[in-house]
Amino acid sequence: MEPIADPTADPSIRIDSHLDGVRERSLADDVLDGLTRPFKELPPKHFYDARGAELFDRICELPEYYPTRAERAILTASAVELAELTGAAELVELGSGTAAKTRVLLDALHEAGTLRRYVPVDVTESMVRECAQMLTEEYPGLQVHGVIGDFERHLDQVPAAVGPRLVAFLGGTIGNFPPGSRRRFLRTIAGLLGPGDHLLMGTDLVKDPDVLEAAYDDSQGVTAEFNRNVLRVLNRELDANFDPDDFDHVARFDSEHEWIEMRLRARREHTTHVRALDLPVRFAAGEELRTEISAKFTPERLRGDLSAAGLQLVSWLTDPDELFALTLSRLTDTPAPATDTSGASS
Ligand code: SAH
Ligand code: TRP
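The structure presented is a predicted model; accordingly, all values stated were derived computationally and were not measured. (Residues numbered from 1 in each chain as written. Chains lettered and ligands numbered in written order. Predicted model: local features only at pLDDT ≥ 70, side-chain atom pairs only at ≥ 80, totals over all residues. Heavy atoms only, no water.)

### Some words on the site of ligand 2
Note the following rule: Note on terminology: near, applied to a residue and a molecule or strand, indicates that one of the residue's heavy atoms is within 4 Å of it. Under this definition, polar contacts are N or O atom pairs within 3.5 Å; protein pairs additionally need one hydrogen-donor-capable and one acceptor-capable atom, and for neighbouring residues in sequence, both atoms have to be side-chain atoms. Using a 1.4 Å probe, accessible areas were evaluated by the Shrake-Rupley method; residue-level cover was limited to the displayed protein chains.
As a matter of local geometry, ligand 2 sits amid 13 residues, with Tyr65, Asn176, Tyr216, Glu292 and Ser294 nearest to it. Tyr65 is positioned with one of its side-chain polar atoms (N or O) 2.5 Å from an oxygen atom of ligand 2. One of the side-chain N or O atoms of Tyr216 is found 2.5 Å from an oxygen atom in ligand 2. In isolation ligand 2 has 360 Å² of accessible area, and contact with the protein removes 98% of it.

Right, here's the structure in full:
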């Protein structure tokens, strides 16, 4: 369906939404699928309704949640270099949120005189709309083409590039994919790139488990509230009757997989009804529902993932304490067929 043109709308903004009806359906499918398994699980994208987005903003300000500060520090230190290396005319950002840190990049690209368009992609409609409005005001001449959608399903809706493209995937969100889907998703992202384009990705690094666990279980309980918020989303969207107070927030570092697991643990045995699906869900006392994993990386592992997706590292950037990494990568050079003499034997 063609979007209907609004004559009063700002000509520098275009917003396409791919979520009409899709979001509800995907939530229903995920609940039906995830809450009827022997080990209950929900995908993390459902955290981010308006309240979830607000709680996430507060997480980013917490003393324990170092990733946002570390990533901003790296961006601030490297933005000029990144603008030079990429010469980007277009910044496509996956899971853009409020684009708070993105401004550091936009400033550098704007300053370099190459920036023409910003393409934020996010499931949270209000964030895409608000950030489009603000950024066109802050950066005169900037075109914003917002894509409201699920980056796992709608990357084919990203418009064709208007020049050298930089895809940004910040905040360590790539860590929320389990390893197999992570590589598959990186391959899909690689499909957004042509020769001369780049991917800038933020990843949290393996470190002391106490530091990691504190980042996901802060003393003020904001992260706990964020985790429980997914239950409120189910109550509202699917007419469920979860009592968030029936669940404890659990954040544990799994040292074998090198990821943080976020869970909600039932305080008592009870049965919840997801009325829109006519689905009773029983929880045993102490039973846990996994709501997110957040993988932590080593340089080797990241290189392996990138390479499996057809990407090669251009630069590895980290903060002085090596808490977090930003990597710039591009499509792997493939040798020209005529010079490849190993072809016959492989
Ligand atoms: N990039 C920001 C926000 C990170 S939080 C930062 O670095 O601080 C993760 C963001 O990704 C949220 O804005 C959330 O709405 C979005 N998101 C999560 N899953 C998504 C999905 N499947 N498709 C599109 N956006 C998603
Ligand atoms: N992508 C962020 C991360 O893994 C999201 C996040 C931070 C998060 N804190 C959280 C998700 C707590 C769920 C619960 O770091």
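That was the structure; now back to the text.
### Side note on empty space enclosed by the protein
Condition: Here the term cavity refers to a set of points on a 1 Å grid, laid over the protein atoms alone, in which a 1.4 Å probe fits but cannot get out; the term pocket refers to an open set having protein on both sides within 12 Å along at least five of seven lines, with lining residues being those that place an atom within 4 Å of a point. Grid points are joined across faces, edges and corners, and a volume is the space filled by probe spheres set on the points. Charged means Asp, Glu, Lys or Arg here, nonpolar means Ala, Val, Leu, Ile, Met, Phe, Trp, Tyr, Cys or Pro, and polar covers whatever is left, Gly included.
Following the criterion strictly, the structure yields one cavity of 30 Å³ or more and no others. Lining the largest cavity are Leu19, Val22, Arg23, Ser26, Lys45, His46, Val123, Asp150, Arg153 and His154. Here the residues of the lining of the largest cavity sort into three nonpolar, three polar and four charged.

### Some words on the nonpolar core
The line we're drawing: Here the nonpolar core consists of buried residues drawn from Ala, Val, Leu, Ile, Met, Phe, Trp, Tyr and Cys, with membership extended through side-chain atoms lying within 4.5 Å. The buried label applies to any residue whose accessible area, calculated with a 1.4 Å probe on protein chains only, is under 20% of its type's maximum; exposed applies above 50%, and partly exposed to all values in between. Put simply, DSSP marks the helices as runs of H or I at least four residues long and the strands as runs of E at least two long, and each gets a number from the N terminus on. We call two residues contacting when some pair of their heavy atoms lies within 4.5 Å.
Residues Leu75, Tyr118, Leu135 and Leu200 are the most contacted members of the largest nonpolar core, which totals 36 residues. Elements supplying a minimum of two residues to this core: β1 (13-17), α3 (66-86), α4 (102-112), α5 (125-138), β4 (143-148), β5 (165-169) and β13 (324-331). A per-element tally of this core places α3 first, with six residues. When near neighbours in sequence (up to four residues on either side) are disregarded, Tyr118 contacts Leu91, Glu93, Ser96, Ala99, Thr102, Leu106, Cys131, Leu135, Leu142, Gln143, Val144 and His145. Core analysis: the second largest hydrophobic core is formed by 35 residues, Leu55, Tyr66, Val230 and Leu231 among them.

### Description of the packing of helix α1 (residues 22-34) against helix α8 (residues 222-238)
Heads up, the rule is: Simply put, an axis is a line fit to the C-alpha atoms, just over the touching stretch for a helix, and the angle between two N-to-C directions goes from 0 to 180 degrees. Left-handed describes a crossing whose near helix is turned anticlockwise from the far helix by less than a right angle; the clockwise case is right-handed.
Running from amino to carboxyl end, α1 crosses α8 at an angle of 115°, the nearest separation of the two axes being 11 Å. For the element pair α1 and α8, the recorded crossing hand is left-handed. Listed contacts from α8 to Glu24, Leu27, Ala28 and Val31 of α1 are Val233, Leu234, Glu237 and Leu238. When grouped by side-chain class, the residues that make up the contact of α1 with α8 number six nonpolar, no polar and two charged.

### Concerning the site of ligand 1
In the vicinity of ligand 1 there are 18 residues, among which Gly95, Lys101, Asp122, Asp150 and Phe151 approach most closely. At 3.2 Å from a nitrogen atom of ligand 1 is found a main-chain nitrogen or oxygen belonging to Val123. At 2.8 Å from a nitrogen atom of ligand 1 is found a main-chain nitrogen or oxygen belonging to Phe151. For ligand 1, whose accessible area on its own is 570 Å², the fraction buried by protein is 93%. Across the shell around ligand 1, the residue classes tally to six nonpolar, seven polar and five charged.

### A closer look at the sheet that holds strand β11 (residues 288-295)
Note the following rule: Paired strands, as defined in this entry, are two strands with at least two bridges between them according to DSSP.
Reading across the sheet, the three strands line up as β7-β8-β11 and stay open at both edges, with antiparallel pairing between neighbours. Both outer strands of the open sheet, β7 (247-254) and β11, are each paired with one neighbouring strand and no more. On average, adjacent strands in this sheet sit at an angle of 20° to one another, irrespective of strand direction. Looking at chain direction, strand β8 (residues 259-266) and β11 are connected through seven bridges and run antiparallel. Residue pairing in the sheet places Arg263 in a bridge with Arg290 of β11. The sheet contacts of α8 involve β7, β8 and β11, and relative to β7 the element is tilted by about 115°.

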